[in-house]
Amino acid sequence: MLLRGLPLAVICAAGCAVLAGLMSSEREPVYSATALVLMRSSADPANPDAAPRIEGEGVATQSLLVARRPVLERVSRRMPDASVGELEAAVSVHQVPKTDATRVTAEARRSAQAAEIANRVAATYVSVERANTMRRAEEARRALGKQLRSLSAEAREHGEGATLRQRIQDLRVLEQVGSPAPRVAERAVAPSRAMSPQPKRDALFGGIFGFVLGIGLGVLWVASDRRIRDPAEASQVLGVPALATVPRRRFLIGWRGERRRAEEQAWQLLHLGLRSGPDGRPLRTVSVTTLGLQPERSRVAYGLAATAAASGQRALLISMEPQRKSLNGSLRNASGDRLRALLAGDATLSEAASTVEMRSKQSGQLDVVLGDGADGGPAAEMNAARLGDAIRDAATSYELVVIDTPSVFERVEGLPVVSAADGTVVVLPAHADRDDVVALRGRLEALRAHVVGVVLGRS
């Protein structure tokens, strides 16, 4: 099932890959640039009594402040061509796992613009945070100054006063110089290649998606396909052995000899398979029928009769509705429409039969009784018992009688033939519908036809 659906999967994969590649190449390029910001890695300089942090602790929370609206508003004022909304959509911030560093990534339609946005956002955040640190240091210095002034003169000169004066001095330095973190550890560089689109990558993923989709569609198609595709399947549906396969037609001159040899082998297999019926008795009369107006029926009937004649048997071919195009002139020497005269009693079997020239190096004689192929064969009102009698009479004079029988669905003349014959061979066209074959089997069983084998046609 998977093998039958594989061509569809390959076609879907190729189509989706091409479509994804074309759609990707139509998109405008998007560039991505990243700046690295080192967050505060030590205790708060404005609050040295706070417990020291573990490396990476709290950085994820601080990262959320990088792209907050006040920062983006400041960046927007410096970049008039980028609104706050556009900056919010373009900037993303992520902590580097287990470190105090944060990546500030910006996406833009131009390479230089992506790097500029990432650098400005990182620098603005650092500036805002340092300003906040300096403001807090000033507030802390003033609070410590009040605390120092509230001490006694002796306390201000020794012990606690000396400690407060040292802390005030450190805060004054922090106000003027600022803290070492956060700081921009690595500036963004304008990328040389766009991050998207990537037509090759998109085509690859499109091909994978198309292949999976094609496999699914192929399985669904094969599961719902009601056509018969091989001799084993045809044999299973009809409940009889597959005797032969009609060789594929070749239209090139160099293959005519090969086709003829393949046909001879197929007819020999068919002839050997019909030497006796299921009960072991020899088959003297064989009906060859099919589903509808299948030209291979006449080809198979003639091939079987000609092979029997070439093997030394006295053979007769009764073609009720010959498909002359499929016979390639094999019956050109036969007299037309003698079956009507035979059934009407106007001619005996020997008078109605014509001997045709065999296309074989072996000796043999093939007699043929043709119906009227021009108007569709013998008339529908012909007496069924008379037709059955004609077949039985022919069996007394010939070792093998092959009847080229119209479909029991298309022509009523075929009904008495399949009932009177010792055996019936069903010729199925290439890719016959399973439901039609099941209906044909039911019709043949109702007519009590002895179906002995099936021949699968090839287009």
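This report concerns the structure included in the present document. (Residues numbered from 1 in each chain as written. Predicted model: local features only at pLDDT ≥ 70, side-chain atom pairs only at ≥ 80, totals over all residues. Heavy atoms only, no water.)

### Quick word on the overall build of the protein
Part 1 of the argument: A count of helices and strands for the protein gives 17 helices and 12 strands.
Part 2 of the argument: Taken over 459 residues, the protein has a buried fraction of 45%.
Part 3 of the argument: Nonlocal contacts in the protein, meaning residues at least 24 apart in sequence, comprise 80% of its contacts between residues at least 6 apart.
Part 4 of the argument: Total accessible area on the protein is roughly 24,200 Å²; 54% of this is exposed by carbon and sulfur atoms. (Helix = DSSP H or I, 4+ residues; strand = E, 2+ residues; numbered from the N terminus. Buried < 20%, exposed > 50% of the residue type's maximum accessible area, 1.4 Å probe, protein only. Contact = heavy atoms within 4.5 Å. Areas by Shrake-Rupley, 256 points an atom, 1.4 Å probe, with all protein chains shown as cover.)

### Section: the pattern of salt bridges
Part 1 of the argument: Throughout the structure, instances matching the rule amount to 16 salt bridges.
Part 2 of the argument: One salt bridge connects Asp 404 with Arg 297, and the closest N-O pair in it is separated by 2.4 Å. A residue pair is termed long-range when its members are at least 10 positions apart, and Asp 404 in strand S10 (residues 400-404) and Arg 297 in helix H11 (residues 296-310) qualify at 107 residues. When sorted by exposure, Asp 404 lands in the same class as Arg 297, which is buried. (Salt bridge = Lys/Arg side-chain N within 4 Å of Asp/Glu carboxyl O.)

### A few points about a nonpolar patch on the surface
Part 1 of the argument: Side chains of Leu 6, Val 10, Leu 204, Phe 205, Ile 208, Phe 211 and Val 212 sit close together on the surface and give an oily, nonpolar patch of about 640 Å² of accessible area.
Part 2 of the argument: Only helix H1 (2-26) and helix H8 (199-224) provide two or more residues apiece to the nonpolar patch.
Part 3 of the argument: With respect to the secondary-structure elements, Val 10 resides in helix H1.
Part 4 of the argument: Val 10 gets classed as partly exposed once you look at its relative accessible area, which sits at 44%. (Patch = residues over 30% accessible without salt bridge, like charges linked within 9 Å, V, L, I, M, F, W, Y side chains within 5 Å.)

### What to know about the nonpolar core
Part 1 of the argument: Counting 30 residues, the largest nonpolar core has Leu 270, Leu 274, Val 300, Leu 317, Leu 366 and Val 402 as the members making the most contacts within it.
Part 2 of the argument: Top contributing element to this core by residue count: H11, with 8 residues.
Part 3 of the argument: Once residues within four sequence positions are removed from consideration, Val 402 is found in contact with Val 286, Val 288, Ala 301, Leu 304, Ala 305, Leu 316, Leu 317 and Ile 318.
Part 4 of the argument: Leu 72, Val 84, Ala 106 and Ala 115 belong to the second-largest nonpolar core, a separate cluster that totals 27 residues. (Core = buried A, V, L, I, M, F, W, Y, C linked by side-chain atoms within 4.5 Å.)

### A short note on the sheet that holds strand S12 (residues 451-456)
Part 1 of the argument: Read across the open sheet, the 8 strands follow the order S5-S12-S11-S6-S10-S7-S9-S8; overall the sheet is mixed. Of all the strands in the sheet, just strand S5 (242-245) and strand S8 (354-356) have a single pairing partner and so form its edges. Across the sheet, the axes of successive neighbouring strands diverge by a mean angle of 25°, strand direction being ignored.
Part 2 of the argument: Of the pairings in the sheet, the one linking strand S11 (residues 423-428) to S12 comprises 5 bridges and is parallel in character. The residue bridging Val 427 from the neighbouring strand is Val 455, located in S12.
Part 3 of the argument: H11 contacts strand S6 (285-290), strand S7 (315-319), strand S9 (366-370), S10, S11 and S12 of the sheet and is inclined by roughly 170° relative to S10. (Pairing = 2+ DSSP bridges. Axes fitted to C-alpha atoms, helices over the stretch in contact; angles between N-to-C directions.)

### Observations regarding the sheet that holds strand S1 (residues 31-38)
Part 1 of the argument: Strand order in the open sheet made by the 4 strands is S2-S3-S1-S4, with antiparallel pairing throughout. The sheet is open, and its two edges are formed by strand S2 (91-95) and strand S4 (183-186), each paired on a single side. Neighbour to neighbour, the strand axes of the sheet diverge by 35° on average, direction disregarded.
Part 2 of the argument: Most of the contacts of helix H5 (residues 111-149) go to S1, to which it runs at about 20°, and overall it touches S1, S2, strand S3 (101-108) and S4.

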